[in-house]
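Chains, contacts and geometry: an overview
For reference, the chains in residue letters:
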Amino acid sequence: MGPKASEDEDSEVARGRPGLSLRAVVPNAITAAALCSGLTGVRFGIAGDWDKAIFAIVLAGVLDGLDGRIARLLKAQSRFGAELDSLADSLSFGMAPALLLFLWSLQDLPRFGWFASLAFAICCALRLARFNAQIDTEEQPHKSNGFLTGVPAPVAAGLAFLPLYLWLASGEDAFREPWLVALWVTAIAALMISNLATLSWTSLRPRASVRLVAIALAGLFFAALLTETWWTLAAISIGYLAMMPYGMLRYRRIRRQRAAMERPAI
């Protein structure tokens, strides 16, 4: 959710009534719902309901994607909303996945398993702190070119669950191996705080000739989520990772093109 209220937003404080306006309450309520969903996933994990736990985290991710868009639609962006959103993300996509993965596998790895969980939670908090610190910074090379810096927290949470997806889909205990999970979680934690340019929705601009195909594929993916949930989530995670080198190459190409355009003619 944006850091600043829009200039034409009616202020309850300015009119002598302290508190948030009604239209500002709506996106913040969605953020609170995302927070509750993420923490409820921990409750399901404690009970061993891993499918419900993942569903709760995925639902938190969906709600997280909605709150900012609704805030912009209602012109209800605010610093309060930005701070609440980051706090909710830290709990839902940092602490909750770290605890779930520890309960599922990492607790069988003395010492290092807990440190891997801590690394994921801390890196998520650091990423969100970096984001908040740069909210008002005008010079952000990745953002100005339509890219993100590092892997976003909700995406990182989804990627961290890849061994759990494969375990639920196949039933193979090899995917629950604590050392494998610990190394995987640590790698995803590092991607969150990396300076790699990653694709954002604004950087994805399919050509007009393939847009109908993209719509059809999106419908098929939704159907696959309903019928083969875990294999589909695993495929989405692997597909995102496979797209990362493409995103970095595309960013470099865009940077070179813009540098060439800005270079004064001799």
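Note that the structure is predicted; figures quoted are calculated from it, not measured.

A short note on the overall build of the protein chain
In terms of regular secondary structure, the protein chain is built from ten helices and two strands. The order of helices and strands in the protein chain, counted from the N terminus, is α-α-α-α-α-β-α-α-α-β-α-α. Of all 266 residues assigned to the protein chain, the portion counted as buried reaches 41%.

Notes on the pattern of salt bridges
Per the stated rule, a full pass over the model turns up one salt bridge. Arg-79 serves as the salt-bridge partner of Glu-83, at 3.9 Å between the closest nitrogen and oxygen. Here the residue Glu-83 and the residue Arg-79 both occupy positions in helix H3 (residues 79-104), the gap between them amounting to four residues, near one helical turn. Classification of Arg-79 by relative accessible area gives partly exposed; the value is 35%.

Some details on helix H4 (residues 112-133)
Helix length check: H4 (22 residues) gives 31 Å between terminal C-alpha atoms against 32 Å at 1.5 Å per residue, within 8%. Of the positions making up H4, those classed as buried are Gly-113, Ala-116, Ser-117, Phe-120, Cys-123, Cys-124, Arg-127, Leu-128 and Asn-132. Turning to H4, the residues buried within the fold contact H3, strand E1 (147-149), helix H6 (153-160) and helix H8 (178-192).

Digging into the nonpolar core
Of all hydrophobic cores here, the largest spans 45 residues; its most connected members are Phe-120 and Tyr-165. Elements with a minimum of two residues in this core: helix H1 (22-46), helix H2 (50-73), H3, H4, H6, helix H7 (162-170), H8 and helix H10 (229-262). Excluding residues within four positions of it along the chain, Phe-120 makes contact with Phe-93, Gly-94, Pro-97, Ala-98, Ala-156, Ala-157, Ala-160, Val-185, Ile-188, Ala-189 and Met-192. Of all hydrophobic cores here, the second largest spans five residues; its members include Ala-197, Leu-199, Tyr-251 and Ile-254.

Considering empty space enclosed by the protein
Applying the stated rule across the entire model yields one cavity of 30 Å³ or more. Here the largest cavity is characterised by a volume of approximately 50 Å³. At the level of secondary structure, the elements contributing two or more residues to the lining of the largest cavity comprise strand E2 (197-199) and H10. The element best represented in the lining of the largest cavity is H10, accounting for five residues. Grouping the constituent residues of the lining of the largest cavity by class yields six nonpolar, two polar and no charged.

Some words on the packing of H6 against H8
At their nearest, the axes of H6 and H8 sit 10 Å apart, and the two run at 165 degrees to each other. With respect to H8, the element H6 is oriented roughly antiparallel. In this structure, H6 meets H8 at a crossing whose hand is right-handed. Facing H6, whose interface residues are Ala-153, Ala-156, Leu-159 and Ala-160, H8 presents Trp-184, Ile-188 and Met-192. Looking at the contact of H6 with H8 residue by residue, the class counts come to seven nonpolar, no polar and no charged.

Brief notes about the state of the cysteines
Applying the stated criterion across every chain yields a total of zero disulfides. For Cys-124, which is in no disulfide, the shortest distance to another cysteine sulfur is to Cys-123 and amounts to 8.9 Å. Look at Cys-124 and you get buried, because its relative accessible area is 0%.

Considering the packing of aromatic side chains
A full pass over the atoms with the stated rule returns five aromatic pairs. Aromatic pair Phe-112 and Trp-179: ring centres 5.4 Å apart, planes at 25 degrees, arrangement stacked. Here Trp-179 lies in helix H8 and Phe-112 lies in helix H4, a separation of 67 residues in the sequence. What makes Phe-112 partly exposed here is its relative accessible area of 33%. By relative accessible area, Trp-179 is classed as partly exposed at 47%. Members of the aromatic cluster, connected to one another through ring pairs, are Phe-161, Tyr-165 and Trp-230. Lying across the ring of Trp-167, Arg-176 places its NZ or CZ 4.8 Å from the centre.

Comments concerning a nonpolar patch on the surface
On the surface, Phe-55, Val-58, Leu-59, Val-62 and Leu-66 cluster together to form a nonpolar patch covering roughly 430 Å² of accessible area. Structurally, the position occupied by Val-62 is in helix H2.

What counts, and where the lines are drawn
Residues numbered from 1 in each chain as written. Predicted model: local features only at pLDDT ≥ 70, side-chain atom pairs only at ≥ 80, totals over all residues. Heavy atoms only, no water. Helix = DSSP H or I, 4+ residues; strand = E, 2+ residues; numbered from the N terminus. Buried < 20%, exposed > 50% of the residue type's maximum accessible area, 1.4 Å probe, protein only. Salt bridge = Lys/Arg side-chain N within 4 Å of Asp/Glu carboxyl O. Expected span 1.5 Å × (residues − 1). Contact = heavy atoms within 4.5 Å. Core = buried A, V, L, I, M, F, W, Y, C linked by side-chain atoms within 4.5 Å. 1 Å grid on protein atoms, 1.4 Å probe; cavity = no way out; pocket = protein on both sides within 12 Å on 5 of 7 lines; lining within 4 Å. Points joined across faces, edges and corners; volume = space filled by probe spheres on them. Nonpolar A, V, L, I, M, F, W, Y, C, P; charged D, E, K, R; others polar. Axes fitted to C-alpha atoms, helices over the stretch in contact; angles between N-to-C directions. Parallel < 35°, antiparallel > 145°, perpendicular 65-115°, else oblique. Left-handed = near helix turned anticlockwise from the far one by under 90°. Disulfide = S-S within 2.5 Å. Phe/Tyr/Trp six-rings, centres within 6.5 Å; stacked < 30°, edge-to-face > 60°. Lys NZ or Arg CZ within 6 Å of the ring centre and 35° of its normal. Patch = residues over 30% accessible without salt bridge, like charges linked within 9 Å, V, L, I, M, F, W, Y side chains within 5 Å. Areas by Shrake-Rupley, 256 points an atom, 1.4 Å probe, with all protein chains shown as cover.

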